[in-house]
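# Chains, contacts and geometry: an overview
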Amino acid sequence: MALVKLDSMYQDVILDHYKHPHGRGLRDGDAEVHHVNPTCGDEITLRVRYDGERIADVSYEGQGCSISQASASVLNELLVGKELEQARRIQGAFLELMQSRGQLTPDDAMEELLEDAVAFAGVSKYPARVKCALLSWMAWKDATAQALGAGDEDGPKERTA
Amino acid sequence: MALVKLDSMYQDVILDHYKHPHGRGLRDGDAEVHHVNPTCGDEITLRVRYDGERIADVSYEGQGCSISQASASVLNELLVGKELEQARRIQGAFLELMQSRGQLTPDDAMEELLEDAVAFAGVSKYPARVKCALLSWMAWKDATAQALGAGDEDGPKERTA
Amino acid sequence: MTSSRRGFPGHLDTEAIRKDFPVLDRVLHDGKKLVYLDSAATSQKPRQVLDALSDYYEQHNANVHRGVHVLAEEATALYEGARDKVAAFINAPSRDEVIFTKNASESLNLVANMLGWADEPYRVDSDTEIVITEMEHHSNIVPWQLLAQRTGAKLKWFGLTDDGRLDLSRIDELITEKTKVVSYTLASNILGTFNPVEEIARRAQEVGALVVVDASQAVPHTAFDVQAIQADFVAFTGHKMCGPTGIGVLWGRQELLEDLPPFLGGGEMIETVSMHSSTYAPAPHKFEAGTPPIAQAVGLGAAVDYLSAIGMDKIAAHEHAIVEYALERLLQVPDLRIIGPTTAEDRGAAISFTLGDIHPHDVGQVLDEQGIAVRVGHHCARPVCLRYGIPATTRASFYLYSTPAEVDALVDGLEHVRNFFG
Amino acid sequence: MTSSRRGFPGHLDTEAIRKDFPVLDRVLHDGKKLVYLDSAATSQKPRQVLDALSDYYEQHNANVHRGVHVLAEEATALYEGARDKVAAFINAPSRDEVIFTKNASESLNLVANMLGWADEPYRVDSDTEIVITEMEHHSNIVPWQLLAQRTGAKLKWFGLTDDGRLDLSRIDELITEKTKVVSYTLASNILGTFNPVEEIARRAQEVGALVVVDASQAVPHTAFDVQAIQADFVAFTGHKMCGPTGIGVLWGRQELLEDLPPFLGGGEMIETVSMHSSTYAPAPHKFEAGTPPIAQAVGLGAAVDYLSAIGMDKIAAHEHAIVEYALERLLQVPDLRIIGPTTAEDRGAAISFTLGDIHPHDVGQVLDEQGIAVRVGHHCARPVCLRYGIPATTRASFYLYSTPAEVDALVDGLEHVRNFFG
Ligand SMILES: Cc1ncc(COP(=O)(O)O)c(C=O)c1O
Ligand SMILES: Cc1ncc(COP(=O)(O)O)c(C=O)c1O
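Residues numbered from 1 in each chain as written. Chains lettered and ligands numbered in written order. Predicted model: local features only at pLDDT ≥ 70, side-chain atom pairs only at ≥ 80, totals over all residues. Heavy atoms only, no water.

Chain C carries the name cysteine desulfurase in an unreviewed UniProt entry, which gives Streptomyces tardus as its organism. Recorded in UniProt under Catalytic activity (unreviewed entry), the annotation for chain C is "(sulfur carrier)-H + L-cysteine = (sulfur carrier)-SH + L-alanine". We quote the UniProt Cofactor (unreviewed entry) comment for chain C here in full: "pyridoxal 5'-phosphate". (UniProt positions renumbered as here; feature names shortened; annotations may be inferred.)

### Here we look at the interface of chain D and chain A
The extent of an interface is frequently quoted as the accessible surface area lost upon association of the parts. Contact with chain D, which involves 19 residues of that partner, is made by 24 residues of chain A. Taking both partners together, chain D and chain A bury about 1,700 Å²; carbon and sulfur atoms supply 55% of that area. Put simply, chain D and chain A have 2 salt bridges between them. Measuring nitrogen to oxygen at the nearest pair gives 3.2 Å for the salt bridge that ties D:Arg382 to A:Glu43. One can count 8 residue pairs in polar contact (both at pLDDT 80 or more) joining chain D with chain A. Here the element with the most residues in the side of chain D that touches chain A is helix α11 (residues 360-368) of chain D; it accounts for 4 residues. In terms of residue class, the side of chain D that touches chain A is made up of 5 nonpolar, 9 polar and 5 charged. (Contact = heavy atoms within 4.5 Å. Buried area = accessible area lost by both parts, 1.4 Å probe. Salt bridge = Lys/Arg side-chain N within 4 Å of Asp/Glu carboxyl O. Polar contact = N/O pair within 3.5 Å; in protein donor to acceptor, adjacent residues only side chain to side chain. Helix = DSSP H or I, 4+ residues; strand = E, 2+ residues; numbered from the N terminus. Nonpolar A, V, L, I, M, F, W, Y, C, P; charged D, E, K, R; others polar.)

### Quick look at the relation of the copies chain D and chain C
The transformation that overlays chain D on chain C combines an axial shift of 0.0 Å with a rotation of 180°, and the residual RMSD is 0.0 Å. Here the symmetry operator amounts to a two-fold rotation axis. Taking C-alpha positions as reference, the residue of chain D nearest the rotation axis is D:Gly246, located at 2.9 Å. Taken together, the interface assignments show that 100% of the residues at the interface of chain D recur at the interface of chain C, consistent with an identical surface on both copies. (Least-squares fit on C-alpha atoms with pLDDT ≥ 70 in both.)

### Observations concerning the site of ligand 1
Among the 15 residues in the neighbourhood of ligand 1, the closest are listed as C:Thr291, D:Ser105, D:Asp214, D:Thr237 and D:Lys240. The environment around ligand 1 is built from residues contributed by chains C and D. Here ligand 1 loses 96% of its free accessible area of 390 Å² to cover by the protein chains. Tallied by class, residues from the shell around ligand 1 come to 1 nonpolar, 12 polar and 2 charged. (Near = heavy atom within 4 Å. Areas by Shrake-Rupley, 256 points an atom, 1.4 Å probe, with all protein chains shown as cover.)

### Regarding the site of ligand 2
As a matter of local geometry, ligand 2 sits amid 15 residues, with C:Ser105, C:Asp214, C:Thr237, C:Lys240 and D:Thr291 nearest to it. With respect to ligand 2, the chains having nearby residues are chains C and D. Contact distances for ligand 2 include 2.8 Å between an oxygen atom and a side-chain N or O atom of C:His239.

### A few points about the environment of D:Val376
Note on placement: D:Val376 falls in strand β16 (residues 375-377). Relative accessible area serves as the criterion here: at 3%, D:Val376 is assigned to the buried category. In contact with D:Val376, not counting residues within four places along its chain, are C:Arg66, C:Val68, D:Pro360, D:His361, D:Gly364, D:Thr393 and D:Thr394. (Buried < 20%, exposed > 50% of the residue type's maximum accessible area, 1.4 Å probe, protein only.)

### Structural notes on the environment of A:Ala117
Residues and elements named next belong to chain A. Tracing the chain through its elements places Ala117 in the loop between α5 (108-114) and α6 (127-147). In sequence terms Ala117 and Val74 are 43 residues apart; their C-alpha atoms lie 6.3 Å from each other. Beyond its immediate stretch of four places on either side in the chain, Ala117 contacts Val74, Leu78, Phe94 and Leu97.

### Some words on the packing of aromatic side chains
In total, this model carries 24 aromatic pairs over all chains according to the counting rule given. Here D:Tyr79 and D:Phe100 contribute two aromatic rings whose centre-to-centre distance is 5.4 Å and whose plane-to-plane angle is 50°, an arrangement assigned as tilted. Highlighted residues: D:Tyr79 in helix α3 (residues 70-89) and D:Phe100 in strand β4 (residues 98-101), separated in sequence by 21 residues. Among the residues examined, D:Tyr79 registers a relative accessible area of 0% and is labelled buried. A relative accessible area of 1% places D:Phe100 in the buried class. Relative to D:Phe421, the ring of D:Phe420 has its centre 5.1 Å away and its plane inclined at 75°; by these criteria the two rings are edge-to-face. For the pair D:Phe420 and D:Phe421, a shared accessibility class is recorded, and that class is buried. Of the aromatic side chains, those joined through ring pairs into one cluster are A:Tyr10, A:Tyr18, D:Phe420 and D:Phe421. (Phe/Tyr/Trp six-rings, centres within 6.5 Å; stacked < 30°, edge-to-face > 60°.)

### Thoughts on the nonpolar core
Residues C:Leu400 and D:Leu400 are the most contacted members of the largest nonpolar core, which totals 176 residues. Apart from residues lying up to four places away in sequence, C:Leu400 is in contact with C:Leu12, C:Thr14, C:Ile17, C:Phe21, C:Cys242, C:Tyr306, C:Leu307, C:Ile310, C:Ile315, C:His318 and C:Glu319. (Core = buried A, V, L, I, M, F, W, Y, C linked by side-chain atoms within 4.5 Å.)

### Focus: helix α3 (residues 66-79) of chain A
All names here are of chain A. For α3, spanning 14 residues, the distance from its first C-alpha to its last is 20 Å, which sits close to the expected 20 Å at 1.5 Å a residue. The element α3 is extensively covered by neighbouring structure, given that 13 of its 14 residues are classed as buried. The first or second residue beyond α3 is Gly81, which carries a positive phi of 95°. (Expected span 1.5 Å × (residues − 1).)

### Description of the packing of helix α2 (residues 12-19) of chain A against α3(A)
All names here are of chain A. The N-to-C vectors of α2 and α3 enclose an angle of 85°; their axes lie 8 Å apart at closest approach. Considered as vectors, α2 and α3 are oriented roughly perpendicular to each other. Facing α2, whose interface residues are Ile14, His17 and Tyr18, α3 presents Ser66, Ile67, Gln69, Ala70, Ser73, Val74 and Glu77. For the contact of α2 with α3, the per-class residue count stands at 5 nonpolar, 4 polar and 1 charged. (Axes fitted to C-alpha atoms, helices over the stretch in contact; angles between N-to-C directions. Parallel < 35°, antiparallel > 145°, perpendicular 65-115°, else oblique.)

### Here's the deal with the confidence of the model for chain C
All names here are of chain C. Taken residue by residue, chain C gives an average pLDDT of 95. The fraction at 70 or more is 98%. Segment residues 1-5 is flagged for pLDDT under 50; beyond a separation of four residues in sequence, or across chains, it makes 12 contacts in the model. With a pTM of 0.93, the predicted complex shows an ipTM of 0.91. (pLDDT = per-residue confidence, 0-100.)

### Describing the sheet that holds strand β7 (residues 179-185) of chain C
Residues and elements named next belong to chain C. The 7 strands are arranged β4-β10-β9-β8-β7-β5-β6 in an open sheet whose pairing can be described as mixed. With one partner strand each, in any of the chains shown, β4 (98-101) and β6 (154-158) form the two edges of the open sheet. Each strand axis lies, on average, 20° off the axis of its neighbour in the sheet, ignoring direction. Here 5 bridges tie strand β9 (residues 233-237) to strand β10 (residues 248-252), and the two strands are oriented antiparallel to one another. Bridging from a neighbouring strand, Ala235 pairs with Leu250 of β10. The strands touched by helix α3 (residues 70-89) are β4, β9 and β10; relative to β4, the strand with the most contacts, the crossing angle is about 120°. Sitting on the sheet, helix α4 (residues 104-117) is in contact with β4, β7, β8 (210-214), β9 and β10, with an inclination near 155° to β9. (Pairing = 2+ DSSP bridges.)

See the structure below:
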């Protein structure tokens, strides 16, 4: 059976992260958010801990498909230890890639920035799955805003889409 | 211009009643009702006066198309002076004719019963106009029920359709 | 003005356009060709829209939003693509401000209900007032009457001048600090009047009232820009703009859609549901409960493409010319009285009239026998008939496919009506 | 049971039936033929329905009810004719009890709103209770949650047994003298369960509560008789029964429709309107504000004709056989757990399952690559997922065009999924 297209979504890197997630589990944090993907029910609870502007930890727990789980694992691997500014750059690049509807081929600079996360390029062709890939990244952005006091005051937001 | 079909609706008898209506105007009565045809705005105010079981008068005022006006005029001509039972028979026959969707050719008995009202046979082919033709007849039925105490107690009803 | 039975030089090529509309070939009553002058009630549909419907059902049909299979993704892309098209067509700042409903009536009821259930500062209650006009379609009267009844709010309205325009002379007494919402029609379906936007918007803003615009008779006929008309909500309906039945639109300002409560509850409009409570999806989905009119949205998207390709400015100019010609010719018919403005200025493509004391039903019936389709009655705007002391009108209404020859047929037909009942 | 890849002897001739459905010829992903197992989300449409839509738009399109011209009369006759067909299909005592809505969700919201605005004895308020079940579609949960919030009424529900059926053991405590309305689904869209009518109806009648039945997953699949199910209101939706999107039905008992207040206000639903007040038309028009989904009703009428010609009993028997076969085969797939009844008794044509701890999204995606369309997620029935402690399910659902070969394809596909994530 020819699974070219599918294989381009389920890259080995993704399946690997899915089966062996990095940094899973909830640990101490400065802020916690809970995000759900209303179209499919994927959920994530995510905490961030900052050391000044440096990301000391991103811990998470959730349920969801291989894409959303792997994406959270990749996020942890990529962002922990980074300075906020660099992390924002990575998040921006990942968002751009995910919203490209399969039209974007990552160049060298992007590959360097995103590391394992470039493996999600194939997912961008599947609109229903883009939200899965972005779930943890939106949660991270929200938690960061809260932790650093830049967010709104409503407490944990329940909204992703 | 061939107006065969149309002529079968606008019979001379109908146009005659429309231009020279019988018994128009409001006079004393035992009960009064006001009916409207919501789909086109035709209106009639109608009073009945009974002399025992005999219809002493049907007086009316209203606005509407040639069909509804002519039909009220025919009603007045046919029913005034009749006994209630006979009037009910006439009303029943007229209703049957109007609901026949042009499928019924009046037989001799019906022609005798309905007199001028058989001219409305052609109208029954036009669903939008059947309600016009029936407006005064429904009003009469309602007013009669009120006058003779057989109706419900809500007072004048505003409903026709 | 110059005109000929072949169309107006410099305006739309109706000969070509009419080929897109299969129903216009319809032959009635022993060989009479249809003269369709009832587009204000509903427009006809071009082949391009019907093809979009068939293509949707034959190739892509699936329920939207929740699927990972190909058809579901295609159906979702088509449905959401239609939203993009409609948003662009009305120049909406954001696609998320475009809500699909079943018709303009639902759109208007949706606004009335949101405001009835809203928290402050939007809540309509017994201390507040609602302002409409005497020339509204019933769909922009009854929802506000129901809201007023159910909340105790007071309903007020602009009256009309003798020549069929809004009487704005007492605007400051009508729209006051108590006014929470002003809802008016941009173009009257019975009088043809186009109403002025500036004055109402200015006064509403002064007192902080929300402005709702019923654009059902405007969006189909003229280039339309929600940002230009200074409204908070705009309602219109697909079937009057070459689209299918079963689809309407409500545009609303994003911050309002975020703040206001949902109306219909169900699938698609939720974020998360438990038996104890639910949270709602962001707009537009918050206001789209249940399986949406998917094929109908796709059809409306195709209609918008069709109209845009021809050009809304050209359509407006064409209709203006037709109306000018029709007014000129109708005013020559003996005993004919136009109900509404008698010139083509600030005027849409619907012309209502009475013909002596021949009842409109009779006018319409005799015209129909000649193949001419007009609407008769109160056109769901009975207060206008009451205002002008008439039971009903006959209404001829035009669209991009209407021709001067059809105006001529109408005038000839009316002559015949007069002879028949003379 | 006997089965073969060619169909079940004695049951429907799917080879012939499938020719009526153009989309079933669709080829996906490098030559894989579509295996459509998502009919519980929406059914596919036969050529006969698409032809009825085209014919309506190409020959008869006009607005209904108010016209004296030929097209308006034809459109009205077609629209009202569709009402007759639907009334006959569900054995309604009167055609006037059939209300056309935009979907089942609107139908259910309509009932909830009527009861919220009603006078006694129907009025739902803070002294009263509403009873639903834990297996409802969100469209039969959220309207009641909104009603409860807005009136102060208390919302209660039947729980579920481990094998996916209603737990009726505490029925007398749940449905009490305070209960004004009991609303439940006849067939669950996620579990496949067919619920018992008698017990709920008996208890509701005892306490004088109204009974609302969500028949969205029942009417498409089995001979249905509103008079037999002892309900006061029944909701269902056109797009799941071979009809177009954009049309739903609410059936209600005539005396209730007469007594209860309107919901949406506007054109078509009125008797007479003045600026000061309005009176309403009799049902069904009272509940159909604005231009109705005319073409969609006509399409639904054609769908009803299509289904009737094949025979609802035959369709039910065919689906029963498919489900029996599918359950038998699915239960042999390692790690597969059926969520819902595991036998074909009192069971509809939707089968939900989990596959080990492979997330349904991944199951659905890998099946899709093989051309197999199933639905994944919570199927707008999230409380069921919570009840069984699962995030989501994969659901395969069948209809009159489904074949045993498609069941085989599903089972093979699941094998592939297991290998892929194994
Ligand atoms: C049981 C049930 N009820 C209600 C609905 C809602 O139907 P619709 O989305 O057409 O409003 C559905 C389908 O989605 C359903 O399966
Ligand atoms: C001015 C106006 N508003 C509202 C409506 C209602 O539109 P719909 O019937 O599609 O809801 C109409 C048309 O009937 C209209 O002309």
